[in-house]
Structures are given as C-alpha cells and as structure tokens.
Amino acid sequence: MFYSSKTKKNIEVAVFILIIVVAIFFRFSNITKTPPGLWVDEAMNGTDVLNVLDGQSPKIFYPDNNGREGLFIYLQSISVNLVGPYPYALRVVSAIIGVLTVIGLYFLTKEMFSWEIAAISSFLMAVSFWHVNFSRIGFRAIMLPFILVFTIYFLLRGLKTFRWGDFVVSGIFAGLGFYTYISYRVAPAIFIALVVNYWLFLKKKFEATQFRVARHKFMEGLIISGLVALIISLPMIFLLVSKPDLVANRQTQLSVLGSENPLADLTVSTIKTLAMFNFNGDWNQRHNLPGQPMLIWPVGIFFLIGFIRELRHWLKRKNGYFSPIHTLLFSWFFVMLLPGFLSFEAPHALRTIGVIPVVMIFSALGLHWSMERLLSWYGLHEPSYQYNRVSFLHQAKNIKIITLVIFLSAVALAEHNRYFEVWAKSSATKFAFTQHLTSIANHLKSQDRDAPTYILVNENGVLVDGVSVFAQPIKFITKTHTQKSAQEENIYYISGEQLESFKFPKTFSVIPLVNDEDTVKFLKNNLKLKEKKYESFSVYSK
C-alpha cells in the first residue's frame with residue numbers, strides 16, 4: 001500500500017508544522033529566565049536601544065564596545081518598546097530570527113534536494129544546542145544564518161526560474177547582510193563561487209543558441225540582484241571605506257595575521273576550527289558546554305558521512321563540470337569558517353555561526369544516505385524482497401520512518417537535556433552571564449531612594465561613557481543609561497579609580513560590582529560605611 005499524492009502532501013505539511021512547533025518550543029521555553037542574567041554585550045545593545053527610543057537618531061554602526069552593526073539594535077528597539085527594559089526583551093528578537101532561520105533552511109534544502117532532506121536538516125537545526133543557544137541570547141550574530149539562508153534560497157529560485165522578483169528579494173537580503181554581523185563581510189565569496197560555477201554549468205549544459213538565451217536571462221537576473229544589494233549596502237560600504245579604523249579594530253585585535261608567527265598560528269587555528277564539530281568545541285561558557293563538540297556525537301558522525309560523500313560527488317565532476325549545488329555547499333562551509341580560521345580564540349562558535357545551516361544539510365544528507373544503506377542491507381537479508389517487492393518496499397519505508405522518528409526524537413531529548421538541564425542550570429552559566437549584575441539592577445528597581453546610590457564599577461572592561469562596560473546591564477534594566485535618567489533615579493556610576501578622590505554627600509550608598517578585599521576595607525574603614533549582604537552582592541550605606 002502506497003500513499004496518494006494528496007496524503008504525501010498532507011504528511012509533508014504536518015512534518016513542517018511539527019518542526020516549527022519544535023523550533024518555537026526550544027527557543028521560547030522559559031525565555032524570561034534562561035539564560036540567567038544579562039551579559040554586557042547584550043546590555044550594550046540594550047542601552048543603545050533605550051537611546052533610540054529616547055529619540056536619538058539611529059546609526060548604521062555603533063562604535064562602542066568594539067563596534068556593532070545597527071540592524072539588530074533597531075529590531076530590539078521594537079521589542080523593548082513593547083515590553084520594557086528586561087533581558088528577555090532583547091533575547092526574544094533572537095528567538096524569532098532563530099525560528100525563521102529553521103523555516104528558511106527547510107525551503108532552501110527542499111529547493112536543493114528533497115522535502116525529506118529538508119525536514120531532517122531543519123529539525124536538526126531546530127534542536128541543535130549550537131543554534132538554540134544563540135537563538136536565546138541577544139547577540140546580533142544570530143542574523144547571519146538567517147540572512148544567508150534566505151539570500152541563497154531566493155538566489156537559487158531566481159537561477160532556476162529567472163524571475164525578477166526572486167533576484168530582487170535575494171539582493172535585498174544580501175544587502176542587509178552588511179548590517180548584521182562582522183563575519184558576513186566574507187560572504188560575497190560564496191555568491192561569487194556559485195555564480196562562476198553556474199556560468200560554466202550553463203556553457204556545458206546548453207548548445208550555443210540555448211546558451212545565449214540562458215546567459216542573457218542569467219546576466220539580467222544577476223545585475224538586478226547585484227544592483228539591489230549594492231544600493232542597500234552602500235551606506236555601510238561607504239563607512240567601511242571612509243573610516244576603516246572604526247570598524248577594523250576588533251578584527252585586528254583578534255586576527256592571527258597580526259601575530260609574530262602568522263602562518264603557524266593560522267595552521268593551529270584552522271585545525272582547531274575544523275575539529276570543533278566532532279572533537280573539541282568552543283570553551284566559552286556563553287557559547288557552549290565548554291570544550292564539548294559543537295555537534296552531539298551521533299549528528300557529528302552523520303555530518304562526517306554527509307560531508308565526505310558530497311565532497312567525493314563534487315570532485316568527480318560527473319557531467320564534466322562541478323555541480324553548482326555542491327560548489328555552493330562547500331564554498332559556504334569554508335568561507336563561513338574563515339572568521340574562525342583567522343581568530344586567536346579558535347574554536348569560536350559565535351564567529352563561525354554562519355556555517356550552522358550548511359552543517360545541518362551535510363548531517364541530513366549523511367543520515368538520509370545511512371538510512372538508505374540500512375534498507376539496502378535489509379533487502380539483501382529479507383526473503384520477502386525476492387517474492388513480494390511491493391510489500392517489502394512498503395515495509396522498508398515504515399522501518400525507515402520509525403527509525404528516523406526514534407533517532408531524531410532521541411537527539412531532541414539529548415539536546416534539550418544538554419541545554420535546559422546541564423548548561424542552563426550550571427552555576428558557571430550564571431557567572432558567565434553576570435547574573436549578579438541583574439540582581440543588583442533588580443534590587444535598585446525595588447528600592448525607594450531618598451539618598452543617592454553609587455554603583456562602583458570596579459570590574460575591568462572596555463570603557464563606555466567613562467566607566468567599564470560592566471555597568472551596562474544595570475544601566476539598561478534600571479533605565480539609567482544617560483546622565484539625565486541616572487539623576488532622575490538617583491543612581492550614579494563611578495569607576496574604581498575615582499573612589500578614593502570622589503566627594504560623597506553626607507548620606508549615600510555604594511554598591512561595588514566586585515567585592516574585593518581592598519574595596520571592602522576602604523568602604524568600611526575610610527568611608528565608615530556599614531555592609532548589608534545579599535546573595536550575590538553587598539550594599540554599603542551610612
């Protein structure tokens with residue numbers, strides 16, 4: 001018994017909806033509390049959002065805190081305007097973009113292969129610790145996979161149908177990419193590789209007359225897409241050209257190319273980056289379970305199978321040319337790993353975030369091929385294959401479906417446990433997201449202040465408005481992001497260097513970010529303040 005085309009379509013729609021539901025669950029479940037705290041980079045976005053909501057002119061690039069592209073901040077301003085200055089207001093934007101990326105990957109993979117491969121790849125991304133984690137943190141980097149998936153999806157549709165609309169939409173996404181995350185700046189190499197390969201593909205596939213027609217439509221679509229992308233990206237390109245130091249400082253600080261032995265450092269960084277999928281992953285607690293592979297081990301195995309098989313297929317040049325789809329996959333993979341190869345901090349899950357979609361595609365291809373091989377083996381050992389092939393194929397298909405459901409369910413449960421039970425509840429995660437700073441902020445919001453409270457910003461970090469960036473979580477949550485708003489709330493920020501010479505009023509309180517021995521001695525002995533201890537911080541008052 002085989003399914004009718006209508007039943008198959010209904011199954012496909014049901015699976016697609018299920019994937020969306022799973023993606024939503026993994027990204028929105030308990031988002032008001034997980035991750036705990038608020039990291040300073042997220043909070044820096046938050047204070048810029050508050051400035052935008054106060055009427056400050058939006059910027060395409062925010063130079064503070066090593067520089068950030070502005071598009072994500074504009075989106076976060078919508079959320080904060082709706083719900084207020086809470087950590088989850090910054091993170092819900094990432095969650096929405098994460099879900100949309102899963103949806104986009106489904107359509108992209110279906111365009112390249114089949115709906116079955118699309119379902120597997122998008123489900124793997126829906127539950128992947130790597131993608132789920134960054135879908136729940138207020139980092140602009142989460143926009144990179146989203147932009148890449150939809151740029152490439154509409155570009156492939158345009159190359160298949162030569163419809164102007166697809167090229168226009170692809171150009172819009174491609175142009176917007178320059179306003180998302182620094183790693184996108186290498187992405188044009190992916191599109192160039194695809195376009196060159198597709199040109200050669202057209203020359204091989206079509207005869208002279210047909211080639212001229214296809215070439216004309218191809219060039220027409222390419223020019224449309226390129227012009228749209230160029231027009232949209234021009235302001236950022238102009239900024240990159242006119243003020244290279246403004247946007248290049250962070251790259252220079254962290255690039256192995258600026259080291260004393262760049263070739264050796266690049267080799268080590270490349271090896272570490274390539275090994276992160278199956279061996280040793282990112283050690284940053286905010287990015288990963290420290291040192292754990294970026295792919296859970298069964299998925300990692302299928303990733304290797306898929307990668308090796310597709311690489312062999314690509315290099316065979318079966319019809320006398322490199323497959324454009326495979327050129328796209330491998331250029332996407334290696335180009336998006338370049339920021340990791342060039343980083344001193346390799347392996348780095350955040351800077352290589354653009355590779356996640358293509359890694360899930362390779363994993364899905366490897367899993368699908370393995371299932372087919374399993375069924376092939378089953379056929380050789382099943383007598384019914386010889387006598388009733390129709391019955392066998394139906395039975396084999398059911399076995400394949402059941403096996404996939406069990407495997408993918410097990411992966412989802414394992415990833416859920418890794419994220420929500422192991423990582424989210426770890427004390428190291430609370431520390432990594434500076435939960436003590438949000439505790440200070442929530443304490444300040446709950447108090448009526450007749451006397452001023454001074455936040456002693458004695459934790460080292462990039463300076464923003466004269467104090468360390470570690471003041472930003474408190475500034476965002478308490479809405480004391482400007483001098484005027486701080487005065488209205490009677491909250492003030494002083495640096496550790498200012499403490500000994502600062503002129504305090506007769507009645508006041510001090511809350512240090514770090515309760516180190518020298519600070520405590522000075523507050524108690526020199527300023528004669530009394531300490532009141534809370535769970536993760538202390539308040540010193542007269």
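For the structure, check the block above.
So, here is what we can say about the structure in this document. (Residues numbered from 1 in each chain as written. Predicted model: local features only at pLDDT ≥ 70, side-chain atom pairs only at ≥ 80, totals over all residues. Heavy atoms only, no water.)

### Digging into the overall build of the protein
Going by this rule: Runs of H or I in DSSP of at least four residues are treated as helices and runs of E of at least two as strands, each being numbered from the N terminus. Atoms considered for the radius of gyration are the C-alpha atoms alone. The globule rule reads 2.2 Å times the number of residues to the power 0.38. Remark: exposure states derive from per-residue accessible area (1.4 Å probe, protein chains only) relative to the maximum for the residue type, with buried under 20%, exposed over 50%, and partly exposed in between. Note on contacts: a residue pair qualifies if any of its non-hydrogen atoms lie within 4.5 Å across the two residues. Each accessible area is a Shrake-Rupley result for a 1.4 Å probe, and residues are judged covered by the shown protein chains and nothing else. The convention is simple: Lys and Arg are positive, Asp and Glu are negative, and His and the chain ends are not counted. Charge positions are represented by NZ for Lys, CZ for Arg, CG for Asp and CD for Glu.
Counting its regular elements, the protein contains 22 helices and nine strands. Relative to the globule expectation of 24 Å for 542 residues, the C-alpha radius of gyration of the protein, 27 Å, shows essentially globular dimensions. Projected onto the principal axes, the alpha-carbon positions of the protein cover approximately 95 × 55 × 50 Å. Going through the 542 residues of the protein one by one, you find that 54% of them count as buried. For the protein, contacts bridging at least 24 residues in sequence account for 74% of all contacts bridging at least 6. Carbon and sulfur atoms make up 61% of the accessible area of the protein, which amounts to about 25,300 Å² in all. For the protein, the distance from the average position of its 52 positive side-chain charges to the average position of its 35 negative side-chain charges is 9 Å.

### Here's the deal with the side chain of Q76
As a reminder of what qualifies: We call two N or O atoms a polar contact when they sit within 3.5 Å, provided that within protein one can donate a hydrogen and the other can accept it, with sequence-adjacent residues counted only if both atoms are side-chain atoms.
Within the fold, Q76 resides in helix α3 (residues 71-83). A distance of 3.4 Å separates polar atoms of two side chains, one belonging to Q76 and the other to N45. The residues touching Q76, leaving out its near neighbours within four places in the chain, are N45, V49, L90, V93 and G138.

### So, the environment of S509
Topologically, S509 is positioned in strand β7 (residues 509-512). With a relative accessible area of 15%, S509 lands in the buried category. Along the primary structure S509 and T453 are separated by 56 residues, whereas in three dimensions their C-alpha atoms are 4.7 Å apart. One polar contact links S509 to S541, side chain to side chain, over a distance of 2.9 Å.

### Considerations on the nonpolar core
The tendency in soluble globular proteins is for nonpolar side chains to be buried as a group. Using the following cut-off: Here, the term nonpolar core denotes a set of buried Ala, Val, Leu, Ile, Met, Phe, Trp, Tyr and Cys residues that are joined through side-chain atoms within 4.5 Å.
Ranked by internal contacts, the top residues of the largest apolar core, which has 149 residues, are F277, F333 and I455. By residue number, the principal contributor to this core is helix α7 (residues 143-161), which donates 13 residues. Discounting chain neighbours no more than four positions away, the residues touching I455 are I440, L444, I474, I491, Y492, Y493, I494, I511 and L513. One finds I494, L499, F504 and L529 within the second-largest nonpolar core, a separate group that totals 13 residues.

### Observations regarding empty space enclosed by the protein
Here is the rule we go by: The pocket and cavity definitions rest on a 1 Å grid over protein atoms only: a 1.4 Å probe that fits but cannot leave marks a cavity, an open set with protein on both sides within 12 Å along at least five of seven lines marks a pocket, and residues lining either have an atom within 4 Å of a point. Grid points are joined across faces, edges and corners, and a volume is the space filled by probe spheres set on the points.
Evaluation of the coordinates by the stated rule reveals one cavity of 30 Å³ or more. Of the voids in this model, the largest cavity is the one considered here, and its volume is about 60 Å³. Counting only elements with at least two residues in the lining of the largest cavity, the list comes to α5 (115-127) and α17 (389-423).

### Details of the pattern of salt bridges
A side chain of one charge can pair with a side chain of the opposite charge when the charged atoms of the two come close. Quick note on the threshold: Salt bridge, as applied in this entry: a Lys or Arg side-chain nitrogen positioned within 4 Å of an Asp or Glu carboxyl oxygen.
Taken as a whole and assessed by the stated rule, the structure comprises 16 salt bridges. The partner of R91 in a salt bridge is E42, and the shortest N-O contact between them spans 2.7 Å. Pair noted here: R91 is in helix α4 (residues 87-112) and E42 is in helix α2 (residues 40-53), with a separation of 49 residues, a long-range link. Accessibility classification places R91 together with E42 in one group, the buried group.

### Points about the packing of aromatic side chains
Rule in force here: Two rings from Phe, Tyr or Trp (for Trp, the six-membered ring) form a pair when their centres are within 6.5 Å of each other. A pair whose planes differ by under 30 degrees is stacked, one over 60 is edge-to-face, and the rest are tilted.
A complete count under the given rule lists 45 aromatic pairs for this structure. Seen from their ring centres, F129 and W423 are 6.1 Å apart, and the 90° between their planes marks the pair as edge-to-face. Placement of the pair is F129 in helix α6 (residues 129-134) and W423 in helix α17, with a sequence separation of 294 residues. Accessibility classification places F129 together with W423 in one group, the buried group.

### Brief notes about the sheet that holds strand β6 (residues 491-495)
How we decide: Strand pairing follows a simple DSSP-based rule, namely that at least 2 bridges must link the two strands. The axes used here are C-alpha line fits, helices contributing only the stretch in contact, and every angle between their N-to-C directions lies in the interval 0 to 180 degrees.
Reading across the sheet, the five strands line up as β6-β3-β7-β9-β8 and stay open at both edges, with mixed pairing between neighbours. Each end of this open sheet is capped by a strand with a single partner; those strands are β6 and β8 (530-533). Going from strand to strand, the sheet's axes swing by 25° on average, the running direction of each strand aside. The pairing of strand β3 (residues 453-457) with β6 spans five bridges and is parallel. Its bridge partner being in β6, Y454 is matched across the sheet by Y492.

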